[in-house]
Amino acid sequence: MSDAVVVTPAMTAQRAGEIAVSFDLRALPPDFYANPYPVYAALRDQEPVRRMPDGSWFLTRYADLVAVYRDAGVFSSDKKIEFTPKYGAGAPLLEHHTSSLVFNDPPLHTRVRRLIMGALTRRAIAQMEPGLVTLVDTLLDAIAARGGGDLIEDFASAIPVEVIGNLLGVPHEDRGPLRGWSLAILGALEPRLTPQQEALGNRSVREFLHYLRTLVAERRRQPGDPEHDVLTRLIQGEDAGETLSETELLQNCIFILNAGHETTTNLIGNALCALHEWPLQKQALLGAIGSEAAVDAAIEEFLRFESSNQLGNRRAVRACEVGGVALPEGALVTLSIAAANRDPAQFAAPDVLDLARTGNRHLAFGFGIHQCAGLSLARLEGRIAIGRFLARFPGYRLTASPTRGGRARFRGFLQAPFAV
Ligand code: HEM
């Protein structure tokens, strides 16, 4: 337990209590982002189903999140009511975020999910492994040649863009703008947006759509192998003949490209930064690096400890009850994955990074009908990237404090300079 060295600034219980008392997702103080967990712990202790200043509800207990995820009939993922005033009628961000599967209920959700899952079978993912190993080793060679670099720019962010690019068959030379578009579009989901962020998000959706129209037209002319190529599957539709509309097709491609980017970048970046803070855990993992099971267990703990997607949202379609609190019809609910994954009722010593933790049923990928469709792929990327990085550079060290992204929903670093 005394393993942690201080890179993440400690927050006093008193300060966490102060932030919790006036907790408002739209007005978080700067020190919240460095370490939100004491604030979440205070909320979970004092008011686990918390009424927010805007009338929505903020949930921090593991059991309450599971109950909401389970009951998709009551807790809708459809965001049209919430997002129409947020982005404004006709805004590209509105069209995008209301037509992707993650923000829809059955039947659209079921149709799109089935198509995607058909290309992400266990076999299809296993076939990606050799290419992934080559990609990671190429990045590691470049790092070795330079004696270090930036963990995010030169390593963590370079992996998902290639993997998801391959999944949708985006030519290599076209991949440059993908990460920027993805950051801007997902960034627009933050509780509070500046006009600049909103404008950038809208512009990114427009540019992304423009690009995808050409890609889809080419793939229609020359279909790929539907066993592996998600775009071909989405174009061809189901065996029963039901296809997606052009809007559904394009917007869901954008979503898949985005969903696997920042989340996986942050899994890798957060893990390598966390190990720097927990040297005894790093030592133990290095001792077991040859064991796939040990690395897999470590990945699950990184996902729990610093969940890259920290918040989820649902809307109650009828009056209901969560954690003993009555919610009215239309209640907007924010699910704090970060808080649930540190709930002592579910995890022993939840604030300790324990890479050998067993029974780690974290909620980093959500749960229920919307549980992450890319979780096996993300786990594979995590295992190969983190495992091979550590094996190659066991003595790596951060050369300056890493810079946080400063966002409540997606937790990760923008920069983390290191030497090997
Ligand atoms: C560490 C990496 C990742 C994390 C932490 C993560 C997290 C999540 C979470 C929490 C959800 C549920 C959202 C909700 O219930 O509202 C989700 C959904 C989704 N994720 Fe991931 N994700 C990751 C990587 C990926 C990758 C690599 C892909 C690419 C294939 C992907 C594709 C999706 C899709 C398509 C959905 C929507 C599923 C649905 O609505 O049925 N994710 N992800």
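The structure this text deals with has already been given above.
The numbers attached to residues start from 1 for each chain and follow its sequence in the written order. Given that this is a predicted model, residues contribute local features only at a pLDDT of at least 70 and side-chain atom pairs are listed and counted only at 80 or more, while totals for whole chains, interfaces and linings are drawn from all residues. Derived side-chain values reflect all non-hydrogen atoms in the structure, with water molecules and hydrogen atoms excluded from consideration.

Peer 1: Outline the coordination of the iron atom of the ligand, supporting the account with residue identities and numerical values.
Peer 2: Keep in mind that water is not among the atoms, so a site may look incomplete; donors are the N, O and S atoms within 2.8 Å of the metal, or 3.2 Å for Na, K and Ca. A lone protein donor binds the iron atom of the ligand: Cys 372 (SG), at 2.3 Å. What counts as a helix is a DSSP run of H or I of at least four residues, what counts as a strand is a run of E of at least two, and both are numbered from the N terminus. Residue placement: Cys 372 occurs in the loop between α18 (337-340) and α19 (375-392).

Peer 1: So what's going on with the sheet that holds strand β8 (residues 332-336)? Residues and values would help.
Peer 2: A pair of strands is treated as paired once DSSP finds two or more bridges between them. Strand order in the open sheet formed by five strands is β1-β2-β8-β5-β3, and the pairing between neighbours is mixed. Two strands close off the open sheet at either side, each with one partner strand: β1 (49-51) and β3 (75-76). As judged from the two bridges shared by β3 and strand β5 (residues 311-316), these two strands associate in the antiparallel manner. In the sheet register, Ser 76 faces β5, and the bridge partner there is Arg 315.

Peer 1: Quick one: what's the story with the sheet that holds strand β12 (residues 417-419), residue by residue and with numbers?
Peer 2: For sheets, the rule is that strands pair by backbone hydrogen bonds, running either parallel or antiparallel. One open sheet accounts for three strands, arranged β4-β12-β9; its pairing is antiparallel. Unpaired on one side and paired on the other, β4 (148-150) and β9 (397-398) mark the two borders of the sheet. Relative to β12, β9 runs antiparallel, the two being bridged by two bridges. In the sheet register, Leu 398 faces β12, and the bridge partner there is Phe 418.

Peer 1: How would you summarise the site of the ligand if you had to cite specific residues and measurements?
Peer 2: We call a residue near a molecule or strand when any one of its heavy atoms sits within 4 Å of it. Lining the immediate environment of the ligand, one finds 26 residues, of which His 109, Arg 113, Arg 314, His 370 and Cys 372 sit closest. Under this definition, polar contacts are N or O atom pairs within 3.5 Å; protein pairs additionally need one hydrogen-donor-capable and one acceptor-capable atom, and for neighbouring residues in sequence, both atoms have to be side-chain atoms. A distance of 2.6 Å separates an oxygen atom of the ligand from a polar atom in the side chain of His 370. Broken down by element, the residue count for the shell around the ligand peaks at three residues, all from helix α15 (residues 262-277). A class-by-class count of the residues in the shell around the ligand yields 14 nonpolar, nine polar and three charged. Amino acids outside the nonpolar list (Ala, Val, Leu, Ile, Met, Phe, Trp, Tyr, Cys, Pro) and the charged list (Asp, Glu, Lys, Arg) are all regarded as polar, and Gly is one of them.

Peer 1: Kindly report on the packing of aromatic side chains, identifying the contributing residues and their values.
Peer 2: Each pair of aromatic rings taken from Phe, Tyr and Trp, with Trp reduced to its six-membered ring, is defined by centres within 6.5 Å and is described as stacked if the planes are under 30 degrees apart, edge-to-face if over 60, and tilted in the remaining cases. Tallied over the full model, the rule gives 16 aromatic pairs. Measuring from centroid to centroid gives 5.6 Å for Phe 32 and Tyr 33, while their planes differ by 85°, and the two rings are edge-to-face. When the centroid spacing of 5.8 Å and the interplanar angle of 90° are considered together, the rings of Trp 278 and Phe 305 count as edge-to-face. Pair noted here: Trp 278 is in the loop between α15 and α16 (279-287) and Phe 305 is in helix α17 (residues 292-305), with a separation of 27 residues, a long-range link. For Trp 278, a relative accessible area of 7% gives the class buried. Working definition: with a 1.4 Å probe on protein chains only, accessible area under 20% of the residue-type maximum means buried, over 50% means exposed, and in between means partly exposed.

Peer 1: Go over the pattern of salt bridges with me, naming the residues and quoting the values.
Peer 2: Salt bridges, as used here, are contacts in which a Lys or Arg side-chain nitrogen is within 4 Å of a carboxyl oxygen on Asp or Glu. Applying the stated criterion across every chain yields a total of 25 salt bridges. A salt bridge links Glu 248 to Arg 111; its shortest N-O distance comes to 3.5 Å. Of this pair, Glu 248 sits in helix α14 (residues 246-259) while Arg 111 sits in helix α7 (residues 108-119); the two residues are 137 residues apart in sequence, bridging distant segments of the chain. Neither residue differs from the other here; Glu 248 and Arg 111 are each classed as buried.

Keep in mind these values describe shape, not function.
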